Amino acid sequence: MFDALANLVVYQWLGLDPASHLGAAVHFFVMDTAKIFVMLVIIIYVMGLLRALLSPEKVRDYVRGKPKWMARSTAVGLGAVTPFCSCSSVPLFIGFVEAGIPLGVTFSFLIASPMINEVAVVILIGILGWELTLMYVAAGLTVAYVGGIIMERFKPERWVEDYVWKIHMGQVALPEPDTSLAGRHRYAWNEVKEIVSRLWKWVVAGIAVGALFHGYVPEGWVTEHLGDKDNWLAVPGAVLLGVPLYSNATGVIPVAEAMLGKGVAIGTTLAFMMSIAALSVPELIILRKVIKWPGLAAFTGVLAIAFMLVGWGFNLFT
Amino acid sequence: MKNIKVLGSGCRNCQTTYDLIRKAAEEKGVPVQLEKIEDIGQIMSYGVMSTPGVVIDGKVVHAGGVPDRKTIDAWL
């Protein structure tokens, strides 16, 4: 359906040549824009209707006071289904610390949350198929779980800003949500407006990069430099490139689509996606309010190494 | 006069919420004392982790997102 629409717009109306670079790039752009935005609106609306979006307050209640392995599994699982905007990272971190949740568990949550969320998962399935989605989600959950355990070994308590320990959270009952059908619709529609207005720039940028890659980068160059699994430098290169670049998990999907289409190895692509979604300079600057520089360096280092292992692992076994 | 506090550490949604409430109050001609709370310690003392949050006369009425116009009108 979206393919037919893009064919009509690009080749019929605009009269571009399907064999040209420009034609291929514009076709990719039109098709992915239509497809991703339609999917975005539908998923967010349905999730909003179900009110499946958990609040951080509830997550905190679920995780606190549990044995560590269970707390960590819950934190990773909930991190994966809750798309929190990175501006909530700081109150979330403080709230977790205040509830006595171990720091390692908090880190597990902070890793899982930006990397995996239900919106990204549905779009991943739609664009790249369920097999790749499964690999991405399984690798992401593992990295979050193990990454938190490793962070704990560094005794991260010493890197938390002092004022964080002093904050005392009030116990105020939050207002009950309106669960009538009209209330649900209003809530769901607001979610659509809010999340789409927050995401669209990242998604369009991602599609544009994907389209340029798809239309202009010659396949031979890719297979020679990035496709060869024996070229073990490709994975660290992809991770390093992903750190300063920032997009959210949804925006990076069209880029991955174009990379895979040109024959970039699966592990290299997965490592690149994770690095872009979970490690970024803006996110680190926000976390700097609660964690000192050495702590952030350890966090970045642990994650970068984990992503490389994921990349090499998948390249080895696929 | 109602005292309304918007809780938020300075992200865009918090500013939007603040502006929406100010506009709604002006249009309805309801006198309000509107404040913005940006200190994270104070925000957390209300038990709110998901910003923006809204507190009216000391009671948390909203948290975790920009409230819509109908909800704001109901508060006023």
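First, a word on scope: everything that follows refers to the structure included in this document. This one's a predicted model, so the numbers in the text were calculated from it and none came from an experiment.

### Some details on the overall build of chain B
From N to C terminus, chain B includes three helices and four strands. The helix and strand sequence of chain B, counted from the amino end, reads β-α-β-α-β-β-α. Its C-alpha radius of gyration of 11 Å places chain B within 12% of the 11 Å reference for a compact globule of 76 residues. Judged by the C-alpha coordinates and their principal axes, chain B covers about 30 × 25 × 15 Å. For chain B, with 76 residues in total, the buried portion stands at 39%.

### Overview of the nonpolar core
If you look at the biggest cluster of nonpolar residues, it comprises 103 residues, and the most contacted ones within it are A271 and M274 of chain A. Among the elements that take part in this core, helix 2 (residues 21–50) of chain A stands out by supplying 10 residues, more than any other.

### What to know about the interface of chain B and chain A
In this assembly, 20 residues from chain B lie in contact with 22 residues from chain A. Every element with two or more residues in the side of chain B that touches chain A is listed here: helix 2 (40–45) and strand 4 (59–63) of chain B. In terms of residue count, the dominant contributor to the side of chain B that touches chain A is helix 2 of chain B (five residues). Of the residues belonging to the side of chain B that touches chain A, the class tally is 10 nonpolar, nine polar and one charged.

### Structural notes on the pairing of strand 4 of chain B
Residues and elements named next belong to chain B. Sheet topology note: the strand 3 (residues 53–56)/strand 4 ladder contains four bridges and is antiparallel. Paired with V55 across the strands is V60, a residue of strand 4. The hairpin formed by strand 3 and strand 4 contains two residues between the paired strands, and D57 there has a positive phi angle of roughly 45 degrees.

### Digging into the sheet that holds strand 2 (residues 32–37) of chain B
Residue and element names in this part refer to chain B. An order of 2-1-3-4 is seen for the four strands of this open sheet, with the pairing classed as mixed. For this open sheet the edge positions go to strand 2 and strand 4, each flanked by a neighbour on one side alone. When strand polarity is set aside, the average angle formed by the axes of neighbouring strands in this sheet is 20 degrees. Alignment of strand 1 (residues 2–7) against strand 2, held across six bridges, turns out to be parallel. In the sheet register, L7 faces strand 2, and the bridge partner there is I37. Contacts from helix 1 (residues 12–28) reach strand 1, strand 2 and strand 3 within the one sheet, and its direction differs from that of strand 1 by about 160 degrees.

### Let's talk about the packing of helix 7 (residues 118–128) of chain A against helix 8 (residues 130–153) of chain A
Residues and elements named next belong to chain A. Look at helix 7 against helix 8: their axes get within 7 Å of each other, and the N-to-C directions meet at 140 degrees. Classified by the angle their axes make, helix 7 and helix 8 are oblique. Contact residues: V121, L124, I125 and L128 in helix 7; W130, L132, T133, Y136 and V137 in helix 8. Its residues placed into classes, the contact of helix 7 with helix 8 shows eight nonpolar, one polar and no charged.

### Some details on the environment of G64 of chain B
Position of G64 of chain B relative to the elements: it lies in the loop between strand 4 and helix 3 (69–75). The exposure class of G64 of chain B is buried, given the 21 C-beta atoms found within 10 Å. Distance in space between the C-alpha atoms of G64 of chain B and T51 of chain B is 4.9 Å, their sequence separation being 13 residues. When neighbours within four sequence positions are excluded, G64 of chain B is seen to be in contact with S55 of chain A together with S50 of chain B.

### Observations regarding the packing of helix 2 of chain A against helix 7 of chain A
Residue and element names in this part refer to chain A. The contact between helix 2 and helix 7 brings their axes to 10 Å, and the two run at 140 degrees. Viewed along their axes, helix 2 and helix 7 adopt a mutual orientation that is oblique. In the crossing of helix 2 with helix 7, the sense of the turn from one axis to the other is right-handed. In contact with K35, I36, M39, L40, I43, I44 and M47 of helix 2, helix 7 contributes E118, V119, V122, I123 and G126.

Conventions we followed
Residues numbered from 1 in each chain as written. Chains lettered and ligands numbered in written order. Predicted model: local features only at pLDDT ≥ 70, side-chain atom pairs only at ≥ 80, totals over all residues. Helix = DSSP H or I, 4+ residues; strand = E, 2+ residues; numbered from the N terminus. Rg over C-alpha atoms; globule rule 2.2 N^0.38 Å. Buried ≥ 20, exposed ≤ 12 C-beta atoms within 10 Å, placed from the backbone. Core = buried A, V, L, I, M, F, W, Y, C linked by C-beta atoms within 7 Å. Contact = placed C-beta atoms within 7 Å. Nonpolar A, V, L, I, M, F, W, Y, C, P; charged D, E, K, R; others polar. Pairing = 2+ DSSP bridges. Axes fitted to C-alpha atoms, helices over the stretch in contact; angles between N-to-C directions. Parallel < 35°, antiparallel > 145°, perpendicular 65-115°, else oblique. Left-handed = near helix turned anticlockwise from the far one by under 90°.

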